[in-house]
Amino acid sequence: MSHRLAVIGYGGMGSWHVENVREKIPSLEVKGIFDVRQEACDKAKENGLFVYSSKEQLLADPEVDLVTIAVPNNFHKPLVIECLRAGKNVICEKPVALNAAELEDMIAVSKETGRLFSIHQNRRWDKDYAIIKKMVREELLGKPYFIESRVLGSRGSMHGWRGYRVNGGGMVLDWGVHLIDQLLDMIDSPVVSVDSHLIHVFGGEVDDSIKVFLRFENGLSAMCEMSTNCFINQPRWHVSCTDGTAVIEDWACNGKMVKLNTEAEMEWADDIVYTEAGPTRTMAPRPKETTLELPLPEVQTDWSDYYKNILAVLDGEVELIVRPEQALRVMKVIDAVFEADRLNCGVHCHI
Ligand code: NAD
């Protein structure tokens, strides 16, 4: 079945949605956009798009059955509810809401109207994430026990509306929501404690350099770190497992897995080794033959699979991949992140 999309908000991400759909999803026609900014409307016209003169005109268009919302975060809740009530199926950009309570209201309206409601957590289709998810789920290096996920930059404060609390700015709601969503999607266990260090280096009223620590009921721990003021990068992923370690260095997915070579002799284990750190057994470098270096597993991913899933759900063929209930867990963790920072200590939970 063919479907017709309208996009609300034609800024950085709204225009990405339009181009991605035009290029990769032939069964979804882009009917038009609406934006409150004249400059954005002019740009859309230049790009050959129909521009609705008002939100009401867009919502009254009977041909549009799917609306994507890509506006600053504080406008998500009212717009999602308005679109659902107008009978539209809705995709909302991340973070879907500013907190869990907002999202609960949105979910209630989606249930009441029976319309599809999903959140654009596109980073579940990132290649680096898919590799780590496969490695963790299939226990390729034994049992994972500590997962570190980092996105680090050095360009300083949060840009534009992202610098204001009223707009739902700050790093937790910008990148944090992606990294937390990935961890909750990958680790099949409730979160039992959350701690966080939210630093405002240049961000003024919003956080811009953050560390979040999660403990899961199954014993796994995870840390995610995001910064706008990091001049020496660290790996995108570092995963500690009982039989080895995996690293993904960058977005290009350079990295490796190193595991114990169980065939190799371990006679050296009791000898003290004299290193630059002094005499040590535990921290001495390993003889090379006692480890095996393996390539990262192969995976296939494509961001446009998100839209393909939405259309297949609308056609009644499959289940929704990014469900509002999953986003609610993420928002509850985010509420706990802010609470832990406010209290200056970790908080117990069962999310
Ligand atoms: P942006 O500032 O580039 O664009 C936002 C647009 O929304 C602007 O053109 C603005 O005029 C318009 N707008 C504001 N209020 C509006 C309203 N009430 N009605 C209609 N239009 C309105 O911001 P952006 O970077 O495109 O971010 C938009 C959303 O997309 C945010 O929620 C952000 O978190 C999300 N985002 C997601 C990803 C991702 O990877 N999933 C990446 C970037 C941004």
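Our structure's up above, just so we're on the same page.
The structure presented is a predicted model; accordingly, all values stated were derived computationally and were not measured. (Residues numbered from 1 in each chain as written. Predicted model: local features only at pLDDT ≥ 70, side-chain atom pairs only at ≥ 80, totals over all residues. Heavy atoms only, no water.)

The next thing to look at is the environment of Ser-118. With respect to the helices and strands, the residue Ser-118 is situated in strand S5 (residues 117-120). Linking Ser-118 and Val-96, residues 22 residues apart in sequence, is a C-alpha distance of 8.9 Å. (Helix = DSSP H or I, 4+ residues; strand = E, 2+ residues; numbered from the N terminus.)

Ordered by their spatial adjacency, 5 strands build an open sheet running S2-S1-S3-S4-S5, and the pairing between neighbours is parallel. Where the open sheet ends on each side, the last strands, each with one partner, are strand S2 (28-34) and S5. Direction aside, neighbouring strands of the sheet carry axes that sit 25° apart on average. Of the pairings in the sheet, the one linking strand S3 (residues 66-69) to strand S4 (residues 89-93) comprises 4 bridges and is parallel in character. Note that in S4 the partner of Thr-68 across the bridge is Ile-91. Against the sheet, helix H1 (residues 12-24) touches strand S1 (3-8), S2, S3, S4 and S5, its axis set at about 160° to S2. (Pairing = 2+ DSSP bridges. Axes fitted to C-alpha atoms, helices over the stretch in contact; angles between N-to-C directions. Contact = heavy atoms within 4.5 Å.)

Here we take up the layout of surface pockets. What the largest pocket holds in volume is close to 980 Å³. Here the lining of the largest pocket gets 4 residues from one element, more than from any other, and that element is helix H7 (residues 171-186). Residue composition of the lining of the largest pocket, by class: 19 nonpolar, 15 polar and 9 charged. Sort the elements by how many residues they give to the lining of the second largest pocket and helix H9 (residues 324-343) lands first, with 4 residues. (1 Å grid on protein atoms, 1.4 Å probe; cavity = no way out; pocket = protein on both sides within 12 Å on 5 of 7 lines; lining within 4 Å. Points joined across faces, edges and corners; volume = space filled by probe spheres on them. Nonpolar A, V, L, I, M, F, W, Y, C, P; charged D, E, K, R; others polar.)

Scanning the model with the defined rule gives 6 aromatic pairs in all. Aromatic pair Trp-16 and Trp-303: ring centres 5.4 Å apart, planes at 75°, arrangement edge-to-face. A residue pair is termed long-range when its members are at least 10 positions apart, and Trp-16 in helix H1 and Trp-303 in the loop between strand S15 (291-294) and helix H8 (305-314) qualify at 287 residues. For Trp-303, a relative accessible area of 25% translates into the label partly exposed. (Phe/Tyr/Trp six-rings, centres within 6.5 Å; stacked < 30°, edge-to-face > 60°. Buried < 20%, exposed > 50% of the residue type's maximum accessible area, 1.4 Å probe, protein only.)

Of the consecutive residues Lys-94 and Pro-95, the connecting peptide bond is found in the cis state with omega at -15°. With respect to the helices and strands, the residue Pro-95 is situated in the loop between S4 and helix H5 (100-113). One non-glycine residue, Cys-253, lies in positive phi territory at about 65°. On the basis of relative accessibility, which here comes to 12%, the residue Cys-253 falls in the buried class. Although it is not a glycine, Asn-344 adopts a positive phi angle of roughly 65°. Structurally, the position occupied by Asn-344 is in the loop between H9 and strand S16 (347-348). Note on Asn-344: relative accessible area 70%, which makes it exposed.

Okay, the packing of helix H4 (residues 76-85) against H5 next. A pair of packed helices can be characterised by two numbers: the angle between their axes and the separation between those axes. Contact pair H4 / H5: the axes reach a minimum separation of 9 Å and the direction vectors enclose 5°. One element, H4, and the other, H5, form an angle in the roughly parallel class. Judged by residue contacts, His-76, Lys-77, Val-80, Ile-81, Leu-84 and Arg-85 of H4 engage Glu-102, Asp-105, Met-106, Val-109, Ser-110, Glu-112 and Thr-113 from H5. For the contact of H4 with H5, the residue count by class is 5 nonpolar, 3 polar and 5 charged. (Parallel < 35°, antiparallel > 145°, perpendicular 65-115°, else oblique.)

Across the 7 residues that make up strand S9 (residues 221-227), a large majority, 7, are buried. Here S9 shows no split at all, with Ser-221, Met-223, Glu-225 and Ser-227 on one side and Ala-222, Cys-224 and Met-226 on the other all buried. One ladder, built from 7 bridges, connects strand S8 (residues 209-216) with S9; its direction is antiparallel. Its bridge partner lying in S9, Phe-213 is registered against Met-223. Hairpin remark: S8 followed by S9, antiparallel, with 4 residues in the connecting loop; positive phi at Gly-219, about 100°.

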